[in-house]
Amino acid sequence: MRKTLLLLFSVLCFCIAGAQNASIKGIVTDTVNRQNLPNTSVSLLRAKDSIMEGFARCNTNGAFTIKGIAKGDYILLITYPHYVDYADRITITDSAQVLNMGSIDLILKANLLQEVIVKQQLGSIRLKGDTTEFIADSFKVQPNATVEDLLKVIPGIQVDKNGKITAQGETVKKVLVDGEEFFGDDPTLVTQNLRADMVGAVQLYDKKSDQAAFTGIDDGKSEKTINIKLKDGKKNGYFGKVNLGGATHGYYDNQLMANIFKNKEKFAAYGIVSNIGKTGLNWEEAGSYGDNPLSSASYDEQNGYFSINGSYDELDSWTGNYEGQGNPRVQTGGLHYNNKWNDDKQAINGNYKILHLNVDGQGSNTSQTILHDTVYYNSQNSRFSNYALRNKANAYYELQIDSSSSVKIFAEGATTHKTSNTFNESEERFTDSSLVNQNSRALSSISDNKSINSNILWRKKFKKKGRTMSFNLGENYTSSNSTGYLNSTTNFFSKGNPSGNLVTDQYKVNSSQNTGFNTKLTYSEPLSKYASLVFNYGVIINNSTSIRSSYNKDAGGKYTDFDSIYSNNYKFNVLIHRGGAAYIYNRKKLRISAGNDMSYTSFTQTDVHADTSVKRSFVNWNPQSNITLQFSQQRRLSLRYNGYTNQPSIEQIQPVHVNDDPLNITIGNPALKPSFSNYMSLYYYDYKVLKERDISFNASYDFVQNDITNKSAIDTGGKTVTQYVNINGNHRLRLDADYGIKIKKWDIGVGFNAGYSRSRNQNFYNGLLNITDGDNYTGGLYLNKRKENKYSFSLSGSATYTNSVSSVQTGLKTKYWSYELQPFAEVFLPLKIQIHAEGDYTIRQNTTVFQGNNNVFLLNAWIAKKFLKNDALQARITGNDILNQNLGIFRSVSSNVISQSTNTTIRRYFMFSLIWNFNKAGTKTPGND
């Protein structure tokens, strides 16, 4: 009997022990400093009556374990001096369960109230790896507000008056929608037209290069990117905006934007009919819509591709864009489509744009040319009338063949038809005001430009992680054809008296063509978990032809007399073999890359008219290195060096006299050498989310060997003949620093910035070396205050000091101050009335060259009232340049030439607009259609 009781007691003890075999473990840390907290008190309380069931203290590493826990509901209570108590309800469902709580963060009591207040102000912010994610609904904006309005209230993001976005001290290069490009490279099509209430989150991150994203090896190349994540319930339906506006003085502005979303399938269209300068929706419209005269090409050794550059040809010098000069009349529109299917293994993205643009106006320019023995003062007046019709389309298709390989095909094409008519009158004088020359010149041209670019990229991952191979094949073709007339009459003077004249009356036919192919094979091999080698080899072929033909009038008055001085037929063929290797080391806080490419470049230059051919070859080196210290997710330091070679363009080497401006003749130089640039930069950034404090610092320096500059000769009549030559010694230095913080007591954002730049540019005038040193000093201040749905105010100001001196006359220096003040105010009144005003006050100090009143205060404002359900309709009255002071002034200091220009521009008008936002996207929610 005794043995039986002993056996039963042992079994019971075993069962009790087995029933209490569960355990809890974790690590206690400081949420701010991310330090482990030793000796922290950890208690396990029974949920129903708070009776303690377990207790432990953290070891020196902040770790704890409580064992022998039975099934049931509990409260885990953690306490540490000066920190807020942590309590969490947990449930043990299995007697053998091991519950790992991971890292448990405690908050200092002193920071608790501040953090609660800051979180109310900032909304919800999540840090995911290298991505900062802002939950959109946490930031309050007006009904029917755009994504741009949303970005303006997110900490660390600034949007200027042109829609350009700066985040964490860097310019945002891309704005994506659900990870996809929207209308290609037009970011403001997203920010100014997508509705804020459709956005689930705004993600801010450094987008790695396609190669780095594919290989998983960070090559140090990235660009600041914003991704707009749409709410799941807003990915089906349609929405858009209609803007109809008419104004005084014949101004008008009509816009339509429509979007249709169906899960991953998106379709969008926009149209603009306007004459207030709205020619596109990108903050850098010239880059998106413009394809300059495509008549020359140069190879970018740093990035490994050819860029197509328009030659300096005043006959066809207008790029086909509106750049703030003249009165524009535009009809433009575009279509966008993108979709993913087959489990996202296939994707397509396509865009089409059309632009019909007329620009006419007039302008004036005054300039000072400094020589060693005299100074020329030039004044010019001009009239122009231009027209352009452009069509542009691009698309890419991507196929994920299997889990390890993919192919991406891209194609782009554009056509541009332009007509341009310009009339110029100018006169040049000596210091004593005596005449040097007078000129009247008329230029007219009709041109057609075409471009076709395509690319195919194949990528393959191997079984070994980090071992990859990719092959890229690209093609580009451009052509430009223009015809036109040059009529010029120049009268020369000697000591103020007429001394002769020059009459030019020519018909010109210019054509150019460029065909290029490039291939690149890249292979990456991992050396360890953190280090890799990347090898590449490629062949580049580029063939260019430029034909310039000038014809004088014959005895019968027809343009048949061929002028060989101003005509030429030139071919420039380039063959490049390029290969290299790079070492890449990548850990969480340290990233290092260093490598060097070597290329063998051979030129074949053929002058068809002279029946001569020259062959040249060069060996070019392209070293590059980068070191990045990632101290934390929001603080980093980067140091970069790049050395790269730039080849001369066909326009710079073609041995032809270009007389489109008979007072300024240019001549190409077939003996030009490639230039080599050394570029170094230092970048530091530190951002505190809770304090809304950011610090950034940028420093860069570059110097160029065999830089391409001008060698000019000016005769006593003021006629200048310029040829391109190589020179050493040009360099540039730039420093920029920014500091911003939120003053919590007054709820005011304050920012400071400072900058300094220094440059040395060299050229030759009348056989003398001219060295021009320029310095710019800038300082600025920014203040802003905002109360949700009540008001928003900001004020920014800056002062810049410019100092320039040329060695040909060191006693004649250009020194002046310029100031800029930009106030902004927005007030929300009862009855759904909103008042908005913004100004730009620019003060330019007078100089010996610019003695007139150059100060301008641009004031724009509007008042609006909202109607209908959900404020879908808005009536707005806008005043543009209310003070009527927009003079279109631009001042520049370069080399030994100082100039200032004024141009016809859009001035004061008052416009009445109706803006209708229509929306039927996703499931209906209160306050939304």
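Residues numbered from 1 in each chain as written. Predicted model: local features only at pLDDT ≥ 70, side-chain atom pairs only at ≥ 80, totals over all residues. Heavy atoms only, no water.

Enquirer: Any details on the side chain of Ser-274? Residues and values, ideally.
Expert: The topology assignment puts Ser-274 in strand 19 (residues 265-274). Once residues within four sequence positions are removed from consideration, Ser-274 is found in contact with Tyr-252, Asp-253, Pro-328, Arg-329 and Val-330. (Helix = DSSP H or I, 4+ residues; strand = E, 2+ residues; numbered from the N terminus. Contact = heavy atoms within 4.5 Å.)

Enquirer: Lay out a nonpolar patch on the surface in plain terms, naming residues and giving numbers.
Expert: A cluster of nonpolar residues, Tyr-238, Ile-260, Phe-267, Leu-335, Tyr-337, Trp-341, Ile-348, Tyr-352 and Ile-354, forms a patch on the protein surface that exposes about 750 Å² of accessible area. Elements represented by at least two residues in the nonpolar patch include exactly strand 22 (327-341) and strand 23 (346-370). Topologically, Ile-348 is positioned in strand 23. For Ile-348, a relative accessible area of 32% corresponds to the partly exposed category. (Patch = residues over 30% accessible without salt bridge, like charges linked within 9 Å, V, L, I, M, F, W, Y side chains within 5 Å. Areas by Shrake-Rupley, 256 points an atom, 1.4 Å probe, with all protein chains shown as cover. Salt bridge = Lys/Arg side-chain N within 4 Å of Asp/Glu carboxyl O. Buried < 20%, exposed > 50% of the residue type's maximum accessible area, 1.4 Å probe, protein only.)

Enquirer: Before we move on, can you summarise the sheet that holds strand 1 (residues 22-30) with the specific residues and values?
Expert: The pairing of strands in a sheet comes from backbone hydrogen bonds and takes either a parallel or an antiparallel form. Here we have three strands laid out as an open sheet, ordered 4-1-7, and mixed in their pairing. The sheet is open, and its two borders are formed by strand 4 (63-69) and strand 7 (98-106), each paired with just one other strand. Across the sheet, the mean angle separating the axes of adjacent strands is 20° when strand polarity is ignored. Across seven bridges, the pairing between strand 1 and strand 7 is parallel. Its bridge partner being in strand 7, Asp-30 is matched across the sheet by Leu-106. (Pairing = 2+ DSSP bridges. Axes fitted to C-alpha atoms, helices over the stretch in contact; angles between N-to-C directions.)

Enquirer: Now, about the sheet that holds strand 3 (residues 52-57): what can you tell me, with residues and values included?
Expert: Across the sheet, which stays open at both edges, the four strands sit in the order 3-2-5-6 with antiparallel pairing between neighbours. Each edge of the open sheet is held by one strand with a lone partner, namely strand 3 and strand 6 (86-92). Shown here is a sheet whose adjacent strand axes are inclined to one another by a mean of 20°, direction ignored. Across five bridges, the pairing between strand 2 (residues 41-46) and strand 3 is antiparallel. The residue of strand 3 that forms the bridge with Leu-45 is Met-52.

So yeah, pure geometry; function would need other evidence.
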